[in-house]
Amino acid sequence: MYATTSSLFRTEQAIVQGKVFKKSLLKTLRSSTTGEYTGGVYNYKDYFTSHGVESGFESSLQMSQDGRSGIVLLSNQYKANPSIGLLTESTL
């Protein structure tokens, strides 16, 4: 899937607001509110979040349960072992 931050936000917003399929189906998929992974995201009472890494790319999304606010971060600079982590580990 290719997306801009804006298009990814609008797509997820449409899903949450019942424009892609019925809200009742989404409620069944995302029944947890304690951070469990269900329906493709980690669900909490007031928001949900998703995160993925593939081939050096990283995506993160966090959105309110009503889809009115949220943030999307997309990066093509993911490093499995970032140098800051190595530095921190070596100083412990």
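Each remark here, short or long, concerns the structure printed above.
An account of the accompanying structure is given in this report.

About the thresholds
Residues numbered from 1 in each chain as written. Predicted model: local features only at pLDDT ≥ 70, side-chain atom pairs only at ≥ 80, totals over all residues. Heavy atoms only, no water. Helix = DSSP H or I, 4+ residues; strand = E, 2+ residues; numbered from the N terminus. Buried < 20%, exposed > 50% of the residue type's maximum accessible area, 1.4 Å probe, protein only. Contact = heavy atoms within 4.5 Å. Areas by Shrake-Rupley, 256 points an atom, 1.4 Å probe, with all protein chains shown as cover. Core = buried A, V, L, I, M, F, W, Y, C linked by side-chain atoms within 4.5 Å. Pairing = 2+ DSSP bridges. Axes fitted to C-alpha atoms, helices over the stretch in contact; angles between N-to-C directions.

**Thoughts on the overall build of the chain**
Argument step 1. Helix and strand counts for the chain come out as three helices and five strands.
Argument step 2. Listing every helix and strand of the chain by position from the N terminus yields α-α-β-β-β-β-β-α.
Argument step 3. Taking all 92 residues of the chain together, 21% fall into the buried category.
Argument step 4. In the chain, of all internal contacts separated by at least 6 residues, the share reaching a separation of at least 24 is 25%.
Argument step 5. As displayed, the chain offers around 6,800 Å² of accessible surface, 55% of which is attributable to carbon and sulfur atoms.

**A word on the nonpolar core**
Argument step 1. Leu 8, Phe 9, Val 16, Val 41, Phe 48, Leu 61, Met 63 and Val 72 together form the largest nonpolar core, which totals eight residues.
Argument step 2. Counting residues per element, the ones that place at least two in this core are α1 (5-16) and β4 (57-64).
Argument step 3. Ranked by residue count, the leading element in this core is α1, at three residues.
Argument step 4. Aside from chain neighbours lying at most four places away, what touches Val 72 is Thr 5, Leu 8, Phe 9, Ser 60 and Leu 61.

**Focus: the side chain of Arg 30**
Argument step 1. Considering the arrangement of structural elements, one finds Arg 30 in the loop between α2 (23-29) and β1 (34-38).
Argument step 2. A relative accessible area of 12% places Arg 30 in the buried class.
Argument step 3. Dropping the residues within four chain positions of it, Arg 30 is found in contact with Glu 12, Ile 15, Val 16, Thr 38, Gly 39, Val 41, Asn 43 and Phe 48.

**Quick look at the sheet that holds β4**
Argument step 1. Spatial strand order, β1-β2-β3-β4-β5: five strands in an open sheet with antiparallel pairing. Of all the strands in the sheet, just β1 and β5 (70-75) have a single pairing partner and so form its edges. Averaged over all pairs of adjacent strands, the angle between their axes in this sheet comes to 15°, without regard to strand direction.
Argument step 2. Sheet topology places strand β2 (residues 41-44) next to strand β3 (residues 47-54); two bridges connect them, and they run antiparallel. Bridged to Tyr 42 within β3 is Thr 49.

**Focus on the pairing of β2**
Argument step 1. With burial as the criterion, only one face of β2 is covered, namely that bearing Val 41 and Asn 43; the residues Tyr 42 and Tyr 44 on the opposite face remain uncovered.
Argument step 2. In this structure, the hairpin formed by β1 and β2 is closed by a connection of two residues, where Gly 39 is found at a positive phi of approximately 65°.
Argument step 3. The loop that links β2 with its antiparallel partner β3 comprises two residues.

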